[in-house]
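# Breakdown of the fold
Single-letter residue listing:
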Amino acid sequence: MGGFPIISAVVFLPLIGALIIMGVRSATAGSFSSEEAGKDSRAALLAGLIISSATFVASVAAFLTFDSNAAGYQLVEQYAWYGEITYKVGVDGLSMPLILLTTFLTPICLLASWNSIHTRVTEYVVAFLVLETFMLGVFAALDIVLFYIFFEAGLIPMFLIIGIWGGKEKIYAAFKFFLYTLLGSLLMLVAVVYMFQAAGSSDIEVLEKFAFPPHVQTWLWLAFAASFAVKLPMWPVHTWLPDAHVQAPTAGSVILAGVLLKMGGYGFLRFSLPMFPDASHLFQPAMFALAVIAIVYTSLVAWRQTDMKKLIAYSSVAHMGFVTLGIFSFNEVGVQGAIFQMLSHGLIASALFLIVGVVYDRMHTREIAAYGGLVKRMPVYATLFMLFTMANVGLPGTSGFVGEILTMVGGFQAATWAAAGAALGVIFSAVYMLTLYRRTVFGEITNPKLNDISDMNVIELVCIVPLALLTILFGVAPNLIFNITEGAANRILSLMVGG
Amino acid sequence: MLDYTAMIVAIGPELWLAAAGLLGVLLGAILKDRFNALSFKYGALALFGAAALSLMFYQGGEAFGGLVKTNTFVNFAKFVSFAVGGFALIMSEGFLKRHDTIRYEYVLLTLFASLGMGMILSAADLMTLYMGIETLSLSSYVLAAFHRDSARSSEAGLKYFVLGALASGMLLYGASLVYGFSGTTNFAGISSSAPSIGLMFGMVLMIVGLAFKISAAPMHVWTPDVYEGAPTPVGAFFASAPKMASMVVFANVMFTAFGDVMDQWQLIVAIIAGLSMIIGSFGALTQTNVKRLLGYSSIANVGYALVAVAAGQASGAGALLIFMTLYVVSSLGLFAGVLAMRRRGGMVESIDELGGLMSSRPWLAIALSILIFSIAGLPPFGGFFGKWEVFNAGIEAGLLPLAIILVVSSVVSLGYYLRIVKIMWFDEPKERFESIDGSVTLTVLASAFVAGILFLVFINQLSQWAYDAALGLAS
């Protein structure tokens, strides 16, 4: 404690930036959402980029002061706020990488929107920056009520992003996304209130050590799981995800897959495991079963998709199944693998959505059948697409491999059948990803419109290449991540035993 | 001999309002039409003065041999009711001017209705309670029918009157039973008398009568019609100041007169609360008229507030004050938003008319969205804490089924709240609304700021005040 409140600065920098952008726009244009000329809108995007990049720099600065060897919470800030509920933020080895992932992806999202968003750009930038604050708040909050507030508040900007800048069925998708997630979160609220009253504190550190009676744990666990399972998402409550992904603009899909889904896994690790260990053990077989169903079933569903984004959305559900598997293996390998898989999927799925966005911006269709033979016109694109296809399949040398193998090893130690089922999913993922790749990139050009499609431009490369580099880097040197997450993973597991 | 100091300490704001109202009548008689425009400032000043007086005599006292007794709990409610009443009056002026119905009677009726609010809040006796309720109700009936040339307004006034009279009858019947079986009309006396079947009958009838006044289901049917038919500023008034006052009175009567027999009424209040939440939130789903929608939304919100009442004095009193304060501030702001919906010289009331408001009037749209999210109880806005408190109180009192209904109806209500947001943000822009009065814009922005953001940061302060105020009940 003491010193510069770096975590709060990281969390609220985007929000402050958003307010400044709104203020400046109203001052200069009279109203910040009038029909903008192209030039003005670029200014808003540029401002958003600068702010989100500054946030990234700030989060890196926070990371530099972060001690990877310490297990507990660091850079903690606590201020009195509302009775027993305090404003308390801080990071540990679990939240720090996720914060970095968030601050890293947001500028990429804004940059990726450079050529694809032309209407109401200022509001778009503001929505993204506000969303970034809420996402960072979720990971940084060390008070369960504060966590809940950020968790729920994030729905509003995402609702607007899907609903305003989305595709044809955007309204339906936005409502489905909102109401689905909200129902889950409100059940969590019931549990939060109960825990708050039982423990007399909403401090996560206190709650971690508070021993809830086993039968109470079961209910609390279920209420939390209702929220996190929807967010993750787990089969069978995943159906909002394909709709939301398909309708959201490219950057919205990126942030959805890259960060919002991670909140589910983060929630399980931060709350369900350490606070309700008995219930977690009780539900372990059920969670394994759901994870395996998710992996196998959604992989098969993904295979039959005709829409590229939908395919990747289902593949996300499958990959999140590995996260569930790893988390509920309750051993170090599995939990570390789950955290790694979340980060890795954050990079890979984001990149895949960007890659779909590249051709969508040119052709305005996501039908797989409309493509074919892209390699002849877009060699660079084909190369990057290949890399991420392989990463999504889990090819050794990419980060996808590390996450999948570790979660499966963890799962194997806990329940062999679960790992066996998950391994099936790895095969299926090769099937659907390679099919997708073959049908879009290889073959003859059948669609005449594809004849003058251009390869990736500089902006698109700037967006995707960093993701590619990190995917390979973490694939080759996963210890870069493990060194950070090790302490946190062990701490969670020791809390399960001790508490 | 009357003790004037004790009298002023106990009911200073009411004396002030009665004097202001009567002086207004005189001024009206002397100045005639010249008083019309001036009267709104006069009335608002009177109300703000009454609000200030309720703070001045915040600790309250007892007077008239126990007929009135005030404490911090009711004075908190008085302050909020009078203050929002003042704002409701200020923003009415422009509307009435445009409809050529700007008359000082409107102000005087508002003042007398406010006097009634003060009286019921101060009441410590069934007689004062009934007189206050009638003062409030009779003024309200006339206000609802204030646009007497409009069929809708007259219908609203008549409907309100007929049903209101029925409810008053129930209340009176209940009160007489209570008197008959306890032998006293004083709250403290009723509380200390031995419970009997007859007393319980009386209590239930009184609950029915009071439930009508707060528009709780199943005594809610008048609400959407009256909200829709009454002139919009009247709706804004109904949804804010008297709502706060009646809700707190309901709690006050339950806690003080029937505090010892809570086991007898807790289930009744809980059922009323559950029904109100369900009927309010499901009823609003299909509404297309924004005022009707707000009517149903107010029924649902009364249901939430009743959860706090059902939780009992210890857990619920403070929560009730916090919830209602946040609610009436947001509610006033939303009605101010409705007042801004003017096109080609007339008011439009369909929700679709808000289409594309984000493009035509972004700040209004943002403020309204904040208010909607706040009233829906969605974090990070202030309204979340209102629901949080109520929820907390409900669970603390072991009312888990009610808490679950609260959660479910919150999700359902998001269905229609989100629809408004959707229309404002996603739909194609419609023609721009006509220019809005400064006072209306100010009310929308200010209430969005206060309910949505100020209370988010300073919620601790508000809850401190409310919980300290609730302690006044115990003394």
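Notes on the structure in this doc start here. The shown structure was predicted, so the numbers you read here are calculated from the model rather than taken from an experiment. (Residues numbered from 1 in each chain as written. Chains lettered and ligands numbered in written order. Predicted model: local features only at pLDDT ≥ 70, side-chain atom pairs only at ≥ 80, totals over all residues. Heavy atoms only, no water.)

## Structural notes on the overall build of chain B
Applicable threshold: Note on conventions: DSSP H or I runs of at least 4 residues are helices, E runs of at least 2 residues are strands, and numbering of each starts at the N terminus. In this treatment the radius of gyration is a C-alpha quantity, and the globule benchmark scales as 2.2 Å times the residue count to the 0.38 power. Relative accessibility decides the category of a residue: with a 1.4 Å probe and only protein chains considered, values under 20% of the type maximum give buried, values over 50% give exposed, and everything between is partly exposed. The protein chains shown are the only cover counted for residues, whose accessible areas, like all others here, come from Shrake-Rupley with a 1.4 Å probe. This count recognises Lys and Arg as positive and Asp and Glu as negative, with His and chain-terminal groups excluded. To locate a charge, the coordinates of NZ of Lys, CZ of Arg, CG of Asp or CD of Glu are taken.
In terms of helices and strands, chain B carries 19 helices and 4 strands. Here chain B has a C-alpha radius of gyration of 21 Å; the compact-globule value for 475 residues is 23 Å, and the two agree. When the 475 residues of chain B are sorted by exposure, 67% land in the buried category. Surface accessibility of chain B: about 15,900 Å² in total, with carbon and sulfur atoms responsible for 69%. Of the side chains in chain B, 24 bear a positive and 26 a negative charge, and the two mean positions are spaced by 9 Å.

## Notes on empty space enclosed by the protein
Residues and elements named next belong to chain B. Test applied: Only protein atoms enter the calculation, which uses a 1 Å grid: trapped sets of points that fit a 1.4 Å probe without letting it out are cavities, open sets showing protein on both sides within 12 Å along at least five of seven lines are pockets, and any residue with an atom within 4 Å of a point is a lining residue. Grid points are joined across faces, edges and corners, and a volume is the space filled by probe spheres set on the points. Following the grouping adopted for this structure description, the nonpolar residues are Ala, Val, Leu, Ile, Met, Phe, Trp, Tyr, Cys and Pro, the charged ones are Asp, Glu, Lys and Arg, and the polar ones are all others, Gly among them.
Using the criterion set out here, one finds 7 cavities of 30 Å³ or more in the structure. Each pocket or cavity is described by its volume, and for the largest cavity that value is around 140 Å³. As for the largest cavity, its lining consists of Leu 136, Ser 137, Ser 140, Tyr 160, Lys 213, Trp 222, Tyr 227, Phe 238, Pro 242, Lys 243 and Ser 246. Contributions of two or more residues to the lining of the largest cavity are made by helix 5 (126-144), helix 9 (222-229) and helix 10 (232-257). Top contributing element to the lining of the largest cavity by residue count: helix 10, with 4 residues. Taken together, the residues that form the lining of the largest cavity break down as 6 nonpolar, 3 polar and 2 charged.

## Some thoughts on the pattern of salt bridges
Our working rule: A pair is scored as a salt bridge if a Lys or Arg side-chain nitrogen falls within 4 Å of a carboxyl oxygen belonging to Asp or Glu.
The final tally for this structure, using the stated rule, is 20 salt bridges over all chains. One salt bridge in this structure joins Arg120(A) and Glu123(A), with 3.2 Å as the shortest N-O distance. Each of the two residues, Arg120(A) as well as Glu123(A), counts as buried. For Glu228(B), the salt bridge is made with Arg292(B), and the minimal N-O distance between the two is 2.7 Å.

## Comments concerning the side chain of Asp203(A)
Note the following rule: Only heavy atoms matter for contacts: two residues are in contact if any of them lie within 4.5 Å across the pair.
Summarising the element assignment, Asp203(A) is placed in the loop between helix 7 (170-199) and helix 8 (204-209). Apart from residues no more than four positions distant in its own chain, Asp203(A) is found in contact with Gln78(A), Lys88(A), Leu142(A) and Asp143(A).

## Quick notes on the interface of chain A and chain B
Note the threshold: Summed over both partners, the accessible area lost on bringing two parts together, with a 1.4 Å probe, is the buried area. The definition of a polar contact used here is a pair of N or O atoms within 3.5 Å, where within protein one atom must be able to donate a hydrogen and the other to accept one, and adjacent residues in sequence count solely through side-chain atom pairs.
Of the residues lining the interface, 37 residues belong to chain A; the matching set on chain B comes to 35 residues. Roughly 3,300 Å² is buried in total at the junction of chain A and chain B, and carbon and sulfur atoms are behind 79% of that figure. On inspection of chain A and its partner chain B, the count reaches 0 salt bridges. Inspection of the region where chain A meets chain B yields 5 residue pairs in polar contact (both at pLDDT 80 or more). Put simply, the parts of the chain that give the side of chain A that touches chain B at least two residues each are helix 1 (6-29), strand 1 (74-82), helix 4 (121-140), helix 5 (144-153), helix 6 (155-165) and helix 7 of chain A. For the side of chain A that touches chain B, the leading source of residues is helix 7 of chain A, giving 15 residues. Among the residues making up the side of chain A that touches chain B, the classes are represented as 28 nonpolar, 6 polar and 3 charged.

## Concerning the environment of Val11(A)
Residue and element names in this part refer to chain A. Positionally, Val 11 belongs in helix 1. For the pair Val 11 and Ile 99, spaced 88 residues apart in the sequence, the C-alpha separation amounts to 9.1 Å. When residues no more than four places from it in sequence are discounted, the contact partners of Val 11 are Thr 133, Leu 136, Gly 137, Ala 140 and Phe 150.

## Digging into the pairing of strand 2 (residues 85-91) of chain A
Residue and element names in this part refer to chain A. As a reminder, the rule being used: Two strands form a pair only when DSSP identifies at least two bridges running between them.
Burial analysis of strand 2 places 7 of its 7 residues in the buried class, the great majority of the element. Judged by which residues are buried, strand 2 turns out to be covered on both faces: Ile 85, Tyr 87, Val 89 and Val 91 on one side and Thr 86, Lys 88 and Gly 90 on the other are all buried. Note: strand 1 against strand 2, 6 bridges, orientation antiparallel. In the strand pairing of strand 2, Tyr 82 is matched with Ile 85. Remark: 2 residues form the turn of the hairpin made by strand 1 and strand 2, two consecutive strands paired antiparallel; Gly 83 in that turn has positive phi of roughly 60°.

## Let's talk about the layout of surface pockets
The computed volume of the largest pocket comes to approximately 1,300 Å³. Along its surface, the largest pocket is lined by 41 residues, and Leu15(A), Phe134(A), Pro380(B), Phe381(B) and Ile453(B) are the ones closest to its centre. Among the elements of the structure, helix 1, helix 4, helix 5 and helix 6 of chain A together with helix 15 (362-375), helix 17 (400-425) and helix 18 (438-457) of chain B are those that each provide at least two residues to the lining of the largest pocket. For the lining of the largest pocket, the per-class residue count stands at 37 nonpolar, 3 polar and 1 charged. In this structure, the second largest pocket occupies an estimated 660 Å³ of space. Considering only residue class, the lining of the second largest pocket consists of 20 nonpolar, 5 polar and no charged.

Keep in mind these values describe shape, not function.
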